[in-house]
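# Architecture and fold: a report
Single-letter residue listing:
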Amino acid sequence: MKALVIGGGGREHALAWKLARSPKVQQVHVAPGNGGTALDAQLHNVALTDPAALADFAQASGVTLTVVGPEAPLAAGVVDVFRARGLRIVGPTKAAAQLESSKAFAKDFMRRHGIPTAEYRTFADAAEAHAHVERSGAPIVIKADGLAAGKGVVVATTLAEAHEAIDFMLQGNRLGVQHNAEGARVVIEEFLDGEEASFIVLTDGKTVLPLASSQDHKRLRDGDRGPNTGGMGAYSPAPVVTPNVHAKVMHEIVQPTIAGMAREGMPFTGFLYAGLMIDAQGRPKTVEFNARLGDPEAEVILMRLKSDLADVLLHAAHGTLDQVSLQWDRRTALGVVMAAHGYPLNPRKGDAIDGLPPPARDDAEVDAMVFHAGTARADDGRIVTSGGRVLCVTALGESVKTAQQRAYDVLRPIHFDGAQWRSDIGHRAIKPR
């Protein structure tokens, strides 16, 4: 069959790479793709982003299955467009994707359905938001109500940082937030202490299939310092997600969310990502929902997936996930993001990337991959930076430590001017707990 992956980041490179390794898949198109998918002979970039144009392409090219990677096309209703034409696609509708596209919707939904999360208030007026922060004190969390490519959250440790974040989001919009119909708004939440984890499931609206656990590293610099980013690295599995925590998340967060969306007339299908904060007693609360696979979590999770991804996604599209069980590599996968100069606020584009390994053969056993995110192929054939997070260097190992060592060994020969990366990805699982 032919498959289509919508998106152009590291998550989409990982999805396309995994689909291409399925014996059921003849060809994988990636729209629009990136420099890494352009280099891989098994993949075919398609310069399309408009939902109707993508549906036209899928029909004309005989695409059997489409999977949506990023949040923007979901919020634009690409799933609705495909389904209206009878095309198989994995992802939530525009209405269901509000769990990610509107922080205010998600928080109100969690309140209605008793899903554990931080206390919050929503503001459109900057003066009222500033006054609330003054009353509440710091640390406090400021979130933009709209899509912000993973950068719309500020964990303010001081009142000055909180006030600056409010002005960024409500007045200057320096974060480039895609505002919802209600205009610029912020959600201000209590600060939750604990350890973060990413809990991602695949659902057909009825059956829920948990993926392997993972943990993302949001802060730019070592030791979890610096500004929040879209993610500077990840590893899977996450030791903090114990069997007891896993059961609580499914019972208290995931299953009530799927049931609640169905009751409200917005059945959720596709990947649901629950960002968690787990306290010292092992009690999880929901930090946020994403309506998609996480990035860079997708890169490490898909490295560990032994099941045929094409088969799994076909069942998701057909509503038959109850017939599927997932098989996982027992090893740890760890991915390190290499980011551009100036990331996260002002990433520089156009820097040449040297030292990249060649694409892996589809029949080869792979224990390390360099997934491209913000890259493009220049007219002279060179691969150059084209976004904030440029690459995710991912490796498998018998332990977190060995996966970490392998990933950094692969990373060291890769060079582009101004490259930024953390040297401590996986540190929470390596240090004594």
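Coordinates for the structure precede this section.
Overview of the structure. All values reported here derive from a predicted model rather than from experimental measurement. (Residues numbered from 1 in each chain as written. Predicted model: local features only at pLDDT ≥ 70, side-chain atom pairs only at ≥ 80, totals over all residues. Heavy atoms only, no water.)

## Overview of the overall build of the chain
- Along the chain, the regular secondary structure elements total 14 helices and 24 strands.
- For a compact globule of 433 residues, the expected C-alpha radius of gyration is about 22 Å, and the chain comes in at 20 Å, within 12% of that figure.
- If you line up the chain on its principal axes, its C-alpha atoms span 60 × 45 × 45 Å.
- The buried share of the chain, taken over its 433 residues, is 58%.
- Computed over 46 positive and 49 negative side-chain charges, the separation of the two mean positions in the chain equals 2 Å. (Helix = DSSP H or I, 4+ residues; strand = E, 2+ residues; numbered from the N terminus. Rg over C-alpha atoms; globule rule 2.2 N^0.38 Å. Buried < 20%, exposed > 50% of the residue type's maximum accessible area, 1.4 Å probe, protein only. Lys, Arg positive; Asp, Glu negative; His and termini not counted. Charge placed at Lys NZ, Arg CZ, Asp CG, Glu CD.)

## Some details on the nonpolar core
- Counting 50 residues, the largest nonpolar core has Leu19, Val28 and Leu313 as its most contacted members.
- Phe82, Phe105, Phe199 and Ile253 belong to the second largest nonpolar core, which has 46 residues in total. (Core = buried A, V, L, I, M, F, W, Y, C linked by side-chain atoms within 4.5 Å.)

## Re the side chain of Arg292
- With respect to the secondary-structure elements, Arg292 resides in the loop between strand S19 (284-290) and helix H11 (297-304).
- By relative accessible area, Arg292 is classed as buried at 9%.
- Only 3.1 Å separates the side chain of Arg292 from the side chain of Glu71, close enough to count as a polar contact.
- A polar atom in the side chain of Arg292 sits 2.7 Å from the side chain of Glu100.
- Arg292 has contacts with Arg11, Gly69, Pro70, Glu71, Leu74, Glu100, Phe271 and Tyr273, leaving out every residue within four places of it along the chain. (Polar contact = N/O pair within 3.5 Å; in protein donor to acceptor, adjacent residues only side chain to side chain. Contact = heavy atoms within 4.5 Å.)

## Some thoughts on the pattern of salt bridges
- With the rule as written, the count across this model stands at 20 salt bridges.
- Arg185 serves as the salt-bridge partner of Asp145, at 3.0 Å between the closest nitrogen and oxygen. Taken together, the positions of Asp145 in the loop between strand S7 (140-144) and strand S8 (146-147) and Arg185 in the loop between strand S10 (178-179) and strand S11 (186-190) put the pair 40 residues apart, joining distant regions of the chain. Just as Asp145 is buried, Arg185 falls in that class too.
- Across the pair Arg422 and Asp424 runs a salt bridge, and its minimum N-O distance is 2.9 Å.
- Under the relative-accessibility criterion, Arg422 is labelled buried at 0%. (Salt bridge = Lys/Arg side-chain N within 4 Å of Asp/Glu carboxyl O.)

## A look at the environment of Asp80
- Mapping Asp80 onto the fold places it in helix H5 (residues 78-84).
- The class of Asp80 is partly exposed, set by a relative accessible area of 34%.
- Remark: the alpha-carbon pair of Asp80 and Pro92, spanning 12 residues in sequence, is separated by 8.5 Å.
- Here the side chain of Asp80 touches Lys94 through a polar contact of 2.9 Å, landing on its backbone nitrogen.

## Some thoughts on the environment of Leu87
- Mapped onto the elements of the fold, Leu87 is located in the loop between H5 and strand S5 (89-90).
- Taking the C-alpha atoms as reference, Leu87 lies 8.4 Å from Val63; in sequence the two are 24 residues apart.
- Among all residues touching Leu87, those that are not within four sequence positions of it are Ala55, Ala58, Gln59 and Phe82.

## Section: the environment of Ile414
- If you trace the backbone, Ile414 turns up in the loop between helix H13 (400-411) and helix H14 (427-430).
- Ile414 sits in the buried class, given a relative accessible area of 3%.
- Taking the C-alpha atoms as reference, Ile414 lies 4.4 Å from Gly355; in sequence the two are 59 residues apart.
- Residue contacts for Ile414: discarding those within four places in its chain leaves Met338, Ile353, Asp354, Gly355, Leu356, Pro357, Val370, Leu391 and Val393.

## Quick notes on the packing of helix H1 (residues 10-20) against helix H12 (residues 309-318)
- Following both chains from N to C, one finds H1 and H12 inclined at 105 degrees, their axes separated by 8 Å at the closest point. The angle between H1 and H12 falls in the class roughly perpendicular. For the pair H1 and H12, contact is made by Leu15, Lys18 and Leu19 and by Leu309, Ala310 and Leu313, respectively.
- Grouping the amino acids of the contact of H1 with H12 by side-chain chemistry returns 5 nonpolar, no polar and 1 charged. (Axes fitted to C-alpha atoms, helices over the stretch in contact; angles between N-to-C directions. Parallel < 35°, antiparallel > 145°, perpendicular 65-115°, else oblique. Nonpolar A, V, L, I, M, F, W, Y, C, P; charged D, E, K, R; others polar.)

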